Amino acid sequence: EEAERHLREVIRIDAGIVDAHYALGLLIAEDMERMPDAEACFAEAARMLPEALASAHTSPDTEGAVHSPGLTHGPTLFDFSDAPRIYYNYGLSLQHQERWEDAEGPLLQALELQPGSTEFVQTLGILYSQWERPDRGLAMTSDQLRQSAPQPMLINLHLTFLIQLDRWDDAESFLER
């Protein structure tokens, strides 16, 4: 409760702090019954993220970090590798609310920023299964197989979608490769 109050106060003082919205979303998401509230925090962080990153510049003395007053309060460093997780958690919060179509966009944005992420691919695969959209799942796994070395999880997802689409011949030829 104290951490949540603190983060809400930070946001009240400066609503433009991406990190504060994201951290509040993570904190609230621990209680599944409050997922709509967490989603709102992730949505706000995701909404602000593109502009904040566009205005950021890489600090010459800190490899991989971004220096920007728009990401955190004051001139501090933001690790760009956190950006995909903002989209991922936003999509995940929507997925937990069974808002499949809404969840797809943020999850695809996360995967675009971190191509080949096993976690993001697997979550998208689960989304497409829950949403009963094996066609989209197959397109995503096909794309991932073209971009990276096949991993067991990706192979299993790809085969699952082929089978769900009754493409048994394609599944058999895929296994023979």
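These figures come from a predicted structure and were not determined experimentally.

Trainee: Would you mind showing me how to read the overall build of the protein here?
Mentor: Counting its secondary structure elements, the protein contains nine helices and three strands. Along the protein, helices (α) and strands (β) appear in the sequence α-α-α-β-β-β-α-α-α-α-α-α when read from the amino end. For the protein, long-range pairs separated by at least 24 residues make up 47% of all intrachain contacts whose partners lie at least 6 apart in sequence. As displayed, the protein offers around 9,900 Å² of accessible surface, 51% of which is attributable to carbon and sulfur atoms.

Trainee: I tried to follow helix α5 (residues 100-113) on my own but got confused; where do I start?
Mentor: Given 3.6 residues per turn, any residue in an α-helix points the same way as the ones three and four places further on. In a regular helix each residue adds 1.5 Å, so 14 residues correspond to 20 Å; α5 covers 20 Å between its end C-alpha atoms and thus fits that length. Of the residues making up α5, those classed as buried are W100, A103, E104, P106, L107, A110 and L111. Looking at the buried side of α5, the elements it contacts are α4 (83-96), α6 (118-130) and α7 (134-147).

Trainee: Please clarify how the side chain of H158 should be interpreted in this entry.
Mentor: Within the element layout of this structure, H158 appears in helix α8 (residues 152-164). Judged by relative accessible area, H158 falls into the buried class, the value being 6%.

Trainee: Explanation requested: the nonpolar core in the structure shown.
Mentor: A general trend in soluble globular proteins is that nonpolar side chains are found buried together. Counting 47 residues, the largest nonpolar core has V18, L49, I86, V121, L124, L127 and Y128 as the members making the most contacts within it. Counting residues per element, this core draws most heavily on helix α3 (residues 35-55), at 10 residues.

Trainee: Looking at this structure, I do not really get empty space enclosed by the protein. What am I missing?
Mentor: To find leftover empty space, one rolls a probe the size of a water molecule over the atoms. Applying the stated criterion to the full structure yields one cavity of 30 Å³ or more. Empty space within the largest cavity amounts to approximately 60 Å³. Forming the boundary of the largest cavity are G116, T118, V121, Q144, S148, A149, Q151, M153 and L154. At the level of secondary structure, the elements contributing two or more residues to the lining of the largest cavity comprise α6 and α8.

Trainee: Would you mind showing me how to read unusual backbone geometry here?
Mentor: Apart from glycine, the bulk of residues carry a negative phi angle, and the bulk of peptide bonds sit in the trans form. Of note, E132 is a non-glycine position whose phi angle comes to about 60°, a positive value. Within the fold, E132 resides in the loop between α6 and α7. The class for E132 is exposed, based on a relative accessible area of 66%. A positive phi is found at D166, a non-glycine position, where the angle reads about 55°. In this structure, D166 sits in the loop between α8 and α9 (168-176). Judged by relative accessible area, which is 59%, D166 ranks as exposed.

Trainee: Help me understand the packing of α4 against α6, please; the structure alone is not making it clear to me.
Mentor: Any two packed helices are characterised by how steeply their axes cross, that is the angle between the axes, and by the distance between the axes. Where α4 contacts α6, the two axes come as close as 11 Å, and the packing angle between them is 20°. Compared by their axis directions, α4 and α6 come out roughly parallel. The two elements α4 and α6 cross, and the hand of that crossing is left-handed. Taking contact as the criterion, the partners of P84, R85, Y88, L92 and Q95 in α4 are, on α6, E119, F120, T123, I126, L127 and Q130.

Trainee: Explanation requested: helix α2 (residues 18-29) in the structure shown.
Mentor: Taking 1.5 Å as the rise per residue, α2 with 12 residues should run 16 Å; its terminal C-alpha atoms sit 17 Å apart, in good agreement. Inspection of α2 places V18, A20, H21, Y22, L24, G25 and I28 among the buried residues, and these make up the whole buried set. Contacts from the buried residues of α2 go to α1 (2-13), α3 and α4.

The rules we used
- Residues numbered from 1 in each chain as written.
- Predicted model: local features only at pLDDT ≥ 70, side-chain atom pairs only at ≥ 80, totals over all residues.
- Heavy atoms only, no water.
- Helix = DSSP H or I, 4+ residues; strand = E, 2+ residues; numbered from the N terminus.
- Contact = heavy atoms within 4.5 Å.
- Areas by Shrake-Rupley, 256 points an atom, 1.4 Å probe, with all protein chains shown as cover.
- Expected span 1.5 Å × (residues − 1).
- Buried < 20%, exposed > 50% of the residue type's maximum accessible area, 1.4 Å probe, protein only.
- Core = buried A, V, L, I, M, F, W, Y, C linked by side-chain atoms within 4.5 Å.
- 1 Å grid on protein atoms, 1.4 Å probe; cavity = no way out; pocket = protein on both sides within 12 Å on 5 of 7 lines; lining within 4 Å.
- Points joined across faces, edges and corners; volume = space filled by probe spheres on them.
- Axes fitted to C-alpha atoms, helices over the stretch in contact; angles between N-to-C directions.
- Parallel < 35°, antiparallel > 145°, perpendicular 65-115°, else oblique.
- Left-handed = near helix turned anticlockwise from the far one by under 90°.

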